[in-house]
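Single-letter residue listing:
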Amino acid sequence: MSQPESTHPQVSNWNVPNALTTLRIVMVPFFGWALLHDGGESTTWRWIAWALFFIAMVTDKIDGDIARKHNLVTNFGKIADPIADKAMTGMAFIGLSIVHDHFLPTWIWWTITIVVLVREWAVTFARLSIARDVVMPSKPSGKLKTMAQALALGAFVAPFGHFTAGFLVWWLAAVLMAAAVVLTVTSGLEFARDVVRHRREAPVRS
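## A word on the overall build of the chain
- Secondary structure assignment for the chain yields six helices and two strands.
- Mapped from its N terminus to its C terminus, the chain presents α and β elements in the order β-α-α-α-α-β-α-α.
- A separation of at least 24 residues holds for 79% of the contacts in the chain among residues at least 6 apart in sequence.
- For the chain, the accessible area works out to roughly 11600 Å², and carbon and sulfur atoms hold 70% of it.

This is how it looks when you write it as structure tokens:
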């Protein structure tokens with residue numbers, strides 16, 4: 001059920017949440033470079049890529065909490081925050097599809113990447129298109145999807161497969177990724193249903 005957007009006093013874009021969001025955007029190319037360095041074969045650079053990904057996921061949670069707690073929600077944040085999230089996870093999906101580590105067939109990685117990116121960006125654009133009229137709250141399925149994606153991607157970005165025992169972690173990550181893909185599709189369909197319902201119920205503007 002959509003909820004009317006609450007009215008906030010004018011807030012400066014120069015605040016901590018927006019700074020953290022900007023930091024995540026700036027980190028994306030460095031993360032991608034670290035992940036793809038030496039074709040993904042460098043254990044050191046894979047750990048660096050994992051550290052950057054971990055920092056991005058943590059700051060995503062922190063900046064959202066700060067913005068809500070201290071009423072620092074801005075139009076810049078509404079636009080930049082989802083872009084930062086999708087850019088980082090998108091880079092992770094694309095990077096892992098390129099290196100693929102001979103763990104999963106390349107076609108499986110690219111199929112997952114295309115399905116996830118189409119869903120994520122479609123939902124992001126749809127959410128932004130109605131942001132002036134209504135805030136579509138995150139559903140439990142969407143939050144669970146985000147967590148499953150982050151955990152699975154983080155496990156694959158780390159070079160666990162470079163060690164014999166580490167392949168167990170990647171197999172567990174593969175199961176989690178499968179669950180994340182299912183949640184990605186189902187939560188996307190749920191969001192599309194809510195958007196259609198909102199547009200039908202929205203009053204016609206003169």
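## Some details on the packing of aromatic side chains
- Applying the stated rule across the entire model yields 13 aromatic pairs.
- Geometrically, the ring pair formed by W109 and F156 is edge-to-face, given 5.0 Å between the ring centres and 80° between the ring planes. In this pair, W109 is assigned in helix α4 (residues 106-129) and F156 in helix α5 (residues 140-157), connecting sequence segments 47 residues apart.
- What makes W109 buried here is its relative accessible area of 2%.
- On the basis of relative accessible area, F156 is assigned to the buried category, the value being 3%.
- Taken together, the ring pairs in this structure connect F103, W109, F156, F167, W170 and W171 into an aromatic cluster.

## Observations concerning the environment of P29
- On the secondary structure map, P29 appears in helix α1 (residues 16-36).
- With 59 residues separating them in the primary sequence, P29 and M88 have C-alpha atoms 8.8 Å apart.

## Focus: the packing of α5 against helix α6 (residues 167-201)
- Close contact between α5 and α6 brings their axes to 8 Å; oriented N to C, the two are set at 150°. Overall, the two elements α5 and α6 adopt an arrangement that is roughly antiparallel. The interaxial crossing formed by α5 with α6 has left-handed handedness. Where α5 abuts α6, its residues S141, G142, L144, K145, A148, Q149, L151, A152, L153, A155 and F156 lie against V169, W170, A173, A174, L176, M177, A180, L183, T184, S187 and E190.
- When the residues that make up the contact of α5 with α6 are grouped by side-chain class, the tally is 15 nonpolar, five polar and two charged.

## Comments concerning the environment of G77
- Within the secondary structure layout, G77 lies in helix α3 (residues 75-99).
- Along the sequence, G77 and N13 sit 64 residues apart, while their C-alpha atoms lie 7.9 Å from each other.

## Brief notes about the nonpolar core
- Ranked by size, the top nonpolar core spans 30 residues in total, and within it F31, M88, L96, L153, F156 and M177 carry the most contacts.
- Taken together, the elements giving at least two residues each to this core come down to α1, α2 (43-69), α3, α4, α5 and α6.
- Take this core: its biggest share by element is six residues, from α3.
- The residues contacting M177, other than those within four sequence positions of it, are F93, W109, I112, A152, L153 and F156.

## Here's the deal with a nonpolar patch on the surface
- Nonpolar side chains collect at one region of the surface, where W47, W50, F54, I55, V58, I62 and F163 lie side by side and expose about 600 Å² of accessible area between them.
- Tracing the backbone through its elements, the reader meets F54 in helix α2.

## Some thoughts on α1
- End to end, α1 covers 30 Å across 21 residues, agreeing with the expected 30 Å (1.5 Å per residue, within 8%).
- At its buried positions, α1 is contacted by α2, α3 and α5.

## Digging into the pattern of salt bridges
- For the structure on display, the rule yields eight salt bridges.
- Note that R24 is salt-bridged to D81, the shortest N-O span being 2.8 Å. Separated by 57 residues along the polypeptide, R24 in helix α1 and D81 in helix α3 bring together distant segments of the chain.
- Residues R24 and D85 are paired through a salt bridge, measuring 2.7 Å at the closest nitrogen-oxygen approach. A residue pair is termed long-range when its members are at least 10 positions apart, and R24 in helix α1 and D85 in helix α3 qualify at 61 residues. Note on accessibility: R24 and D85 belong to one class, buried.
- The network of salt bridges with shared partners includes R24, D60, D81 and D85.

Parameters and conventions
Every chain begins its residue count from 1, and numbering advances along the sequence as written. Totals for whole chains, interfaces and linings use all residues, but because this is a predicted model, local features are given only for residues with pLDDT of at least 70 and pairs of side-chain atoms are given and counted only at 80 or more. Heavy atoms throughout the structure, all of them, feed into the side-chain values; hydrogens and water do not. A helix here means a DSSP run of H or I that spans at least four residues, while a strand means a run of E at least two residues long, and both kinds are numbered starting from the N terminus. The contact criterion used throughout is that any non-hydrogen atoms of two residues lie within 4.5 Å. To measure how exposed things are, a 1.4 Å probe is used in the Shrake-Rupley method; for residues, cover is taken only from the protein chains shown. Between the rings of Phe, Tyr and Trp (Trp by its six-membered ring), a pair exists once the centres lie within 6.5 Å; its type follows the angle of the planes, with under 30 degrees stacked, over 60 edge-to-face, and the other angles tilted. With a 1.4 Å probe rolled over the protein chains alone, any residue whose accessible area is under 20% of its type maximum counts as buried; one over 50% counts as exposed, and the rest are partly exposed. Axis definition: a line fit to C-alpha positions, over the contact stretch in the case of helices; interaxial angles, taken between N-to-C directions, run 0 to 180 degrees. Working rule for angles: under 35 degrees goes down as roughly parallel, over 145 as roughly antiparallel, 65 to 115 as roughly perpendicular, anything else as oblique. Each crossing gets its hand from how the near helix is turned against the far one by less than a right angle, where anticlockwise is left-handed and clockwise is right-handed. Under the scheme applied, nonpolar residues are Ala, Val, Leu, Ile, Met, Phe, Trp, Tyr, Cys and Pro; charged residues are Asp, Glu, Lys and Arg; polar residues are all the others, including Gly. Side-chain atoms within 4.5 Å are what join buried Ala, Val, Leu, Ile, Met, Phe, Trp, Tyr and Cys residues into a set we call a nonpolar core. Residues qualify for a patch when their relative accessible area is over 30% and they have no salt bridge, like charges being joined within 9 Å and the nonpolar side chains of Val, Leu, Ile, Met, Phe, Trp and Tyr within 5 Å. Salt bridge, as used here: a side-chain nitrogen of Lys or Arg that lies within 4 Å of a carboxyl oxygen of Asp or Glu. Helices are assigned an expected span. That span is 1.5 Å times one less than the residue count.

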